[in-house]
Amino acid sequence: MRRTLSRLGLTFGVMVAVIAPVATTASAVVITPPTPRTGKLVQVGPTAEHGFPAWYRDSNNVRLEACVTADDPLCPVLLDEVPNPDLPVSYPDNFPGEFFYQLAGSTVTLANGVRATVGLDLEGAWANGEVIDGDQMVFGRIRIRFAAPEGQRFRITHPYGIDDIVATDKGVNMTEDIGTTPLAFGQALNSRVGPFLKWDPAVLPAAPAGYTGDPGVDHKVVGSPYNTNFVRIEQLDPATGAVTAQVGFNDLFSVQGRFATNAGVDIDQATYTTNADGTGFVEVYATSEPGQAIEVASNPALGFRGTRLRGQNGKYYGRFPVTTEVPDGATIEVVNNSDRPVARKTAKLVDVVRITGVQYNANNGRLQVSATSSDDDASPGVLTVDGFGPITGQPFTGVQAPPPSITVRSSGGGSATAALTGTGRLFLPDRPVAAATVANPVVVGQTVQLDGSGSTGQIDSYAWTQVSGPAVTLAGADQPVATFVPTAVGDYAFTLTVTGPGGVSQPVTLTEQVIDVQAPTADAGVDQTVVRGRAVALDGSRSRAVETYSWRQVSGPAVTLTGATGAKPTFTYPAQTLPATPGPNPAFVFDNAPIVLELTVRNPGGIATDQVIVRPAADNFIGGITARYRTGNNEWRVSGTNSLLAGQRVQVVLGSTLTGRTIGAAASVDTTGAWAVRVTGPAPGTIRTVSVVSSTGAVALAQAVTVTN
């Protein structure tokens, strides 16, 4: 079985994602194998002339290079990915949209005759599907596909792990792509792909020299980090996960991969140093495989000839004389003469910046930075501190909060960063500020709370003192909240001071009015209209003569009240419940009723209640719903516009009520209220209407469907 690939959608991001080019996706869970992992991808090679890594290395020290040529039958590029397959592959004009370092997979014939395919690839592609420099990405891909009845559950064991998948109405269709951030080539090392799969050397025939195998011949392999060099598919009980039967097994794989013969080269840094007379030297730091012939190419503009770099453990260094002034924008070229064709890299020369001093004075807010450049010719460059400006010899002033490190950049291209440490006085806590509140008025015999919890700063102690009014006994006079019970009508005054490491606060005074016993009055606040999904704040603070508050819900969708025993509780207005996927949902009920809450207040003189109504903000579908179904490709296209702009979800259901089968959903409306659902399936049969509901309460039933080929 020779694996082939046509252009397929990519799942962007570095997290596990499940995708499919249909309306529904299989529910997939990655299972941790019972045995520890013993290998992986470990290294990304230097970038080649096409901007992708020249190779990837695994923990078995196997290096595979990119298959990007059309003339190698054991490691070919896909011709339908090349703009002009009749011409040689070249970058950027005739380069493939996708290619592979490893293309591996197995086809398993299940007990019911269905063919299951499992792909295990390390793939290179372009973030936006077009050959654009800067969009290069390499990702590890696990893909599992086979037809199965909706709801059936399977466990698939393969060389790179175990997946637990529940089939949808389109069967099992799972893709996991790890490493789809452009130019972040190291992300692929975190995928499940690796070590590379190659033909088992104990099984004849042997792999072709220089290759992991012949992709046209299925063969046993080695390389699994779990020693699971096979594909096993087991059917599970959907509820318990218990194995009910093994429905497929195969230990033969098609593998494509070419061992890297070239090492490539990367320039890590290239710097210049010049003296006042214009002479100086260039230093080059490069990386490649150990034992390579790494050279700097002749550079007449700088006055030196092609010369070898010195190497050790894959690191290379060279120091070369400059006999003339270094021109602006000068570059050097480094080559790997061990490669065929010779690998070449070019880098711009930059000066070496050294930060010689960083001092910050916290007393006066002055930052002093000094630095030097290796460009010491007659016209040295300008040194600039990020976020502050050019270095002039004078300190930067008015710096109240400096950064933890200072970066100096040179007009010659170099830069350096140094940590900052400050001098000056040590910071201590500020003097605390006392703040106190009390409810007014209260009645004789009611417990009164003096609340100083709103005081600010570092506080070690509280002190409440009565300064006027009938004498009372204060409970908690050294606590943030003190209480007393008045026995007579009158005005009672108290002071609060707080003490902390910053000193003693100014005292704050409050007065409590105590009146004769009377029943409280309840005021639950004005009725409100809010958008579903947003926070609601209730306000019973206009109630009078209150000792205790108690809120409860009377009717409407259930909510959870926070602070239900205070004057101002909160809750979140629940979103409109949407029909479950995939449906049908015969018990579904659309509920747009308001929420009614009741406040009860008490004091020694009696009890009072009041109610408040919180209604959901109106949401409507404006301008009508457009619904089309194409029988040729089983595709739905439904669109509309909502009157409320709240990022709400919109769900489309087959039929004239909301109890039918779910077609699909728009994740959110856009900034104009528009939304669209474009999915594959389910087929409508003889039904020619759809119903639509939003999470903010808009509903449209029995909308006509246009059916075409």
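1. What to know about the sheet that holds strand S2 (residues 41–44)
So, step 1. Spatial strand order, S2-S3-S4-S16: four strands in an open sheet with antiparallel pairing. Of all the strands in the sheet, the pair left with one neighbour each is S2 and strand S16 (258–259).

2. Notes on the packing of aromatic side chains
So, step 1. Counted by the stated rule, this structure contains 19 aromatic pairs.
So, step 2. Ring plane angle 85° and centroid distance 6.1 Å describe the contact between Phe95 and Trp126, whose orientation is recorded as edge-to-face. Taken together, the residues span a long stretch of sequence, with Phe95 in the loop between strand S4 (63–65) and strand S5 (98–109) and Trp126 in strand S6 (residues 115–126) at a distance of 31 residues.
So, step 3. Its relative accessible area of 2% is what places Phe95 among the buried residues.
So, step 4. Ring pairs connect the aromatic residues Phe52, Tyr56, Tyr91, Phe95, Phe99, Tyr101, Trp126 and Phe185, which therefore count as one cluster.

3. Topic: the side chain of Ser543
So, step 1. Along the chain, the position of Ser543 falls in the loop between strand S41 (535–537) and strand S42 (548–555).
So, step 2. Given a relative accessible area of 7%, Ser543 falls into the buried group.
So, step 3. With residues near it in sequence (within four places) discarded, Ser543 still touches Thr521, Ala522, Asp523, Tyr549, Leu599 and Val601.

4. A few points about the pairing of strand S36 (residues 481–484)
So, step 1. Judged by which residues are buried, S36 turns out to be one-sided: Ala482 and Phe484 face inward and are buried, whereas Val481 and Thr483, on the alternate face, are not.
So, step 2. Pairing geometry for strand S34 (residues 448–451) and S36, over four bridges, is antiparallel. In the sheet register, Gln449 faces S36, and the bridge partner there is Thr483.

5. Considerations on the environment of Ala297
So, step 1. When you line up the elements, Ala297 lands in the loop between strand S19 (294–296) and strand S20 (307–308).
So, step 2. In the structure, Ala297 is positioned 388 residues away from Gly685 in sequence and 71 Å away in space, judged by C-alpha atoms.
So, step 3. Ignoring anything within four residues of it in the chain, the contact list for Ala297 reads Phe304, Gly306 and Glu333.

6. Observations concerning the nonpolar core
So, step 1. In terms of nonpolar packing, the biggest core is built from 43 residues, with Tyr56, Leu122, Phe146, Ile156 and Ile233 touching the most fellow members.
So, step 2. Elements with a contribution of two residues or more to this core: S5, S6, strand S7 (136–146), strand S8 (153–158), strand S10 (172–178) and strand S13 (231–236).
So, step 3. When residues of this core are assigned to their parent elements, the largest contribution, five residues, is made by S6.
So, step 4. Residues within four places of Leu122 in sequence aside, it is in contact with Leu41, Tyr56, Phe99, Phe100, Tyr101, Gln102, Val138, Phe139, Gly140, Ala188, Val193 and Phe196.
So, step 5. Of all hydrophobic cores here, the second largest spans 22 residues; its members include Ala286, Phe304, Ile332 and Ala347.

Criteria and cut-off values
- Residues numbered from 1 in each chain as written.
- Predicted model: local features only at pLDDT ≥ 70, side-chain atom pairs only at ≥ 80, totals over all residues.
- Heavy atoms only, no water.
- Pairing = 2+ DSSP bridges.
- Helix = DSSP H or I, 4+ residues; strand = E, 2+ residues; numbered from the N terminus.
- Phe/Tyr/Trp six-rings, centres within 6.5 Å; stacked < 30°, edge-to-face > 60°.
- Buried < 20%, exposed > 50% of the residue type's maximum accessible area, 1.4 Å probe, protein only.
- Contact = heavy atoms within 4.5 Å.
- Core = buried A, V, L, I, M, F, W, Y, C linked by side-chain atoms within 4.5 Å.

It is worth stressing that arrangement in space is one thing and function is another; only the former is reported here.
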